[in-house]
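These are the residues of each chain, in order.
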Amino acid sequence: MTAFGEGEGELLTLHYPKPLPMRLDRWLVAQRPEQSRARIQKFIDAGYVRVNGVMGRAKTPLRPGDEVQLWMPPPEPLPYLLAEDIPLDVLFEDGHLIVLNKPAGLTVHPAPGNKDGTLVNALLHHCPDLPGIGGEMRPGIVHRLDKDTTGCIVVAKSQEALVQLQVQIQKRIASRQYLAVIHGVPKADEGTVIGAIGRHPIDRKKYAVVSEGGRHACTHWKLVERLGDYSLLRFKLDTGRTHQIRVHCAHLGHPIVGDVTYSRCRKLPLELPGQALHAVHLGLDHPISGERLVFEAPLPETFVRLLAVLRRRLQTGAVTSPVPLAMAEQNLHAFIAAVRKDPALQEQLSTTAAADADEVAAIARASGFALGPKDLVNHADGALVEYQDEDYFMKPRWWELVG
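The model shown is predicted, which means the values in this text are computed figures rather than measured ones. (Residues numbered from 1 in each chain as written. Predicted model: local features only at pLDDT ≥ 70, side-chain atom pairs only at ≥ 80, totals over all residues. Heavy atoms only, no water.)

Visitor: What is the right way to look at the overall build of the protein chain in this model?
Guide: For the protein chain, the count of helices and strands is 10 helices and 19 strands. Across the 403 residues that make up the protein chain, the buried fraction comes to 44%. Of the contacts made within the protein chain by residues no fewer than 6 positions apart, 63% connect residues no fewer than 24 positions apart. Carbon and sulfur atoms form 51% of the exposed surface of the protein chain, whose accessible area is close to 21,100 Å². (Helix = DSSP H or I, 4+ residues; strand = E, 2+ residues; numbered from the N terminus. Buried < 20%, exposed > 50% of the residue type's maximum accessible area, 1.4 Å probe, protein only. Contact = heavy atoms within 4.5 Å. Areas by Shrake-Rupley, 256 points an atom, 1.4 Å probe, with all protein chains shown as cover.)

What follows is the structure in structure tokens.
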């Protein structure tokens, strides 16, 4: 049996110098800032840390003169991750990090059932030492972009760089800005969306702004250009939740063009490979030198063509023929138009009982409109409806929220 610290790996011997006691895990994190707290915890749990020759625990109190031995074994191989020669658009690279302009259609890291053809597979070919950074399915990945979102993404090439860059993302030292083309035109020129994001109450494959159980999310947006029935917006993130910009845009009633998950099927000005969302700007401090670095990723060709088509239509006055609405949505729009003209119906729909989606549907049917509660819930991906305690409630004066 191999003795403690023997074989491949790195064995460190440290001595605790402070006059007052301190927890083992906290002191080790301070001594090895290139390692994350979670990674130090794994070393301790695996028995790779000893205090005065005895296996340590996270809460072990250190006293003056204690000898601490930390053995860091080499990273385990990742046989299920294969290096693939996939072209990369490199914006910057040195020995500690690499910044890329990610194309549409490229998933960032492998997942069950999708273990090849990803950005990680491409990086393993480009950076042979990457498997030891961060471990497991996403070595070196600091943050991610959705499969069809394009633009700036940074990847760490050393463990120290990974930890430092993750801290910059968490503390908003790193700045990230996005451009997107959305359906419709916002009423204001800029704004902020603050809405917790969690699993969609109906479709568990999607995310939504939820009243309970979600994670805080904040998105700042600014109108860049009006393009007829569309708009070009710039976004700045305070948080980095899954699908954050896409969910918040849908919540505003202005989903991103080409987003098949969060917008209804509409006729697009041209065929797109995915949502028109691009990470245009990335600013960060170099994790080793501290130098401020700023990167701008050029727009992909399809995004440029989309803007050109919309600008040309705006100049010529051309319009697209509207896509016929489904019968249920036609009925809903007709019902909304009737409500807007009828103060008595508005008052009836403003009562507490009528906030329930089933009750609203019953009132609609009594007024001669063939609607069910699902028609209300599904409309605009839930923009009119809030989900609470397994029931659906209409937002106050919901008929005014429809464009």
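Additional details are given in the paragraphs that follow.
Visitor: When you look at helix α3 (residues 119-126) in this model, what are you seeing that I'm missing?
Guide: Two residues of an α-helix separated by three or four positions point the same way, owing to the 3.6 residues in each turn. The buried fraction of α3 is high, at six of eight residues. Those residues of α3 not exposed but buried are L119, V120, N121, A122, L123 and L124. The secondary structure elements touched by the buried residues of α3 are β8 (97-102) and β9 (150-156). For α3, the N-terminal capping position is held by T118, with its side-chain oxygen 3.3 Å away from the main-chain nitrogen of V120. (Polar contact = N/O pair within 3.5 Å; in protein donor to acceptor, adjacent residues only side chain to side chain.)

Visitor: I'm lost on the packing of helix α1 (residues 24-31) against helix α2 (residues 37-45) in this one. Help?
Guide: Describing two packed helices takes the angle between their axes plus the distance from one axis to the other. For the pair α1 and α2, the least separation of the axes is 10 Å and the interaxial angle reads 125 degrees. In this view, α1 runs oblique relative to α2, as classed from their interaxial angle. Considering the relative orientation of α1 and α2, their crossing is right-handed. Here α1 contributes L24, D25, R26, L28 and V29 to the contact with α2, which in turn contributes R37, I40, Q41 and I44. Split into classes, the residues belonging to the contact of α1 with α2 amount to five nonpolar, one polar and three charged. (Axes fitted to C-alpha atoms, helices over the stretch in contact; angles between N-to-C directions. Parallel < 35°, antiparallel > 145°, perpendicular 65-115°, else oblique. Left-handed = near helix turned anticlockwise from the far one by under 90°. Nonpolar A, V, L, I, M, F, W, Y, C, P; charged D, E, K, R; others polar.)

Visitor: It is not clear to me how the pattern of salt bridges should be interpreted in this structure. Could you clarify?
Guide: Working definition: two side chains of opposite charge can pair if their charged atoms are close together. Counted according to the given criterion, the structure contains nine salt bridges. When the shortest N-O distance is used, the salt bridge between D238 and R172 registers 3.8 Å. Taken together, the positions of D238 in the loop between β15 (230-237) and α5 (244-252) and R172 in the loop between α4 (159-170) and β10 (175-183) put the pair 66 residues apart, joining distant regions of the chain. A salt bridge links D259 to R246, with the shortest nitrogen-to-oxygen separation between them at 2.9 Å. You can see D259 sitting in the loop between α5 and β16 (277-285) and its partner R246 sitting in helix α5, a full 13 residues away along the chain. With respect to burial, D259 and R246 carry one shared label: buried. Here the salt bridges share partners, and the residues they tie into one network are R144, D146, R246 and D259. (Salt bridge = Lys/Arg side-chain N within 4 Å of Asp/Glu carboxyl O.)

Visitor: Mind showing me how you'd approach unusual backbone geometry here?
Guide: Both trends apply: most residues other than glycine have a negative phi, and most peptide bonds are in trans. Despite not being glycine, N52 has its phi angle at roughly 55 degrees, a positive value. Position of N52 among the secondary structure elements: in the loop between β3 (49-51) and β4 (54-55). Unlike most non-glycine residues, R172 shows phi in positive territory, near 60 degrees.

Visitor: It is not clear to me how the side chain of R246 should be interpreted in this structure. Could you clarify?
Guide: What makes R246 buried here is its relative accessible area of 6%. Of the polar contacts made by the side chain of R246, one reaches the side chain of D146; its length is 3.0 Å. Among all residues touching R246, those that are not within four sequence positions of it are D146, I256, D259, T261, Y262, Q275 and L277.

Visitor: It is not clear to me how the sheet that holds β3 should be interpreted in this structure. Could you clarify?
Guide: Strand pairing within a sheet occurs via backbone hydrogen bonds; the two strands may be parallel or antiparallel. Spatially, the four strands line up as an open sheet ordered β1-β6-β3-β4, and their pairing is antiparallel. Looking at strand neighbours, the two that pair on one side only are β1 (10-15) and β4, the edges of this open sheet. Its contacts with the sheet put α1 on β1, β3 and β6 (67-72), and the angle it makes with β1 is roughly 110 degrees. (Pairing = 2+ DSSP bridges.)

Visitor: Looking at this structure, how should I read the nonpolar core?
Guide: Judged by nonpolar contacts, the single largest core of 29 residues is most densely connected at L119, L123, Y178, F235, I245 and I256. Looking at this core, the elements with two or more residues in it are β8, α3, β9, β10, β14 (218-227), β15, α5 and β16. Sort the elements by how many residues they give to this core and α3 lands first, with four residues. Ignoring any residue separated from it by four or fewer positions in sequence, one finds L123 in contact with L88, I98, L100, L130, I141 and V155. With 17 residues, the next largest nonpolar core counts F335, I336, L345 and L376 among its residues. (Core = buried A, V, L, I, M, F, W, Y, C linked by side-chain atoms within 4.5 Å.)

Function-wise, these values are silent; they only describe arrangement.
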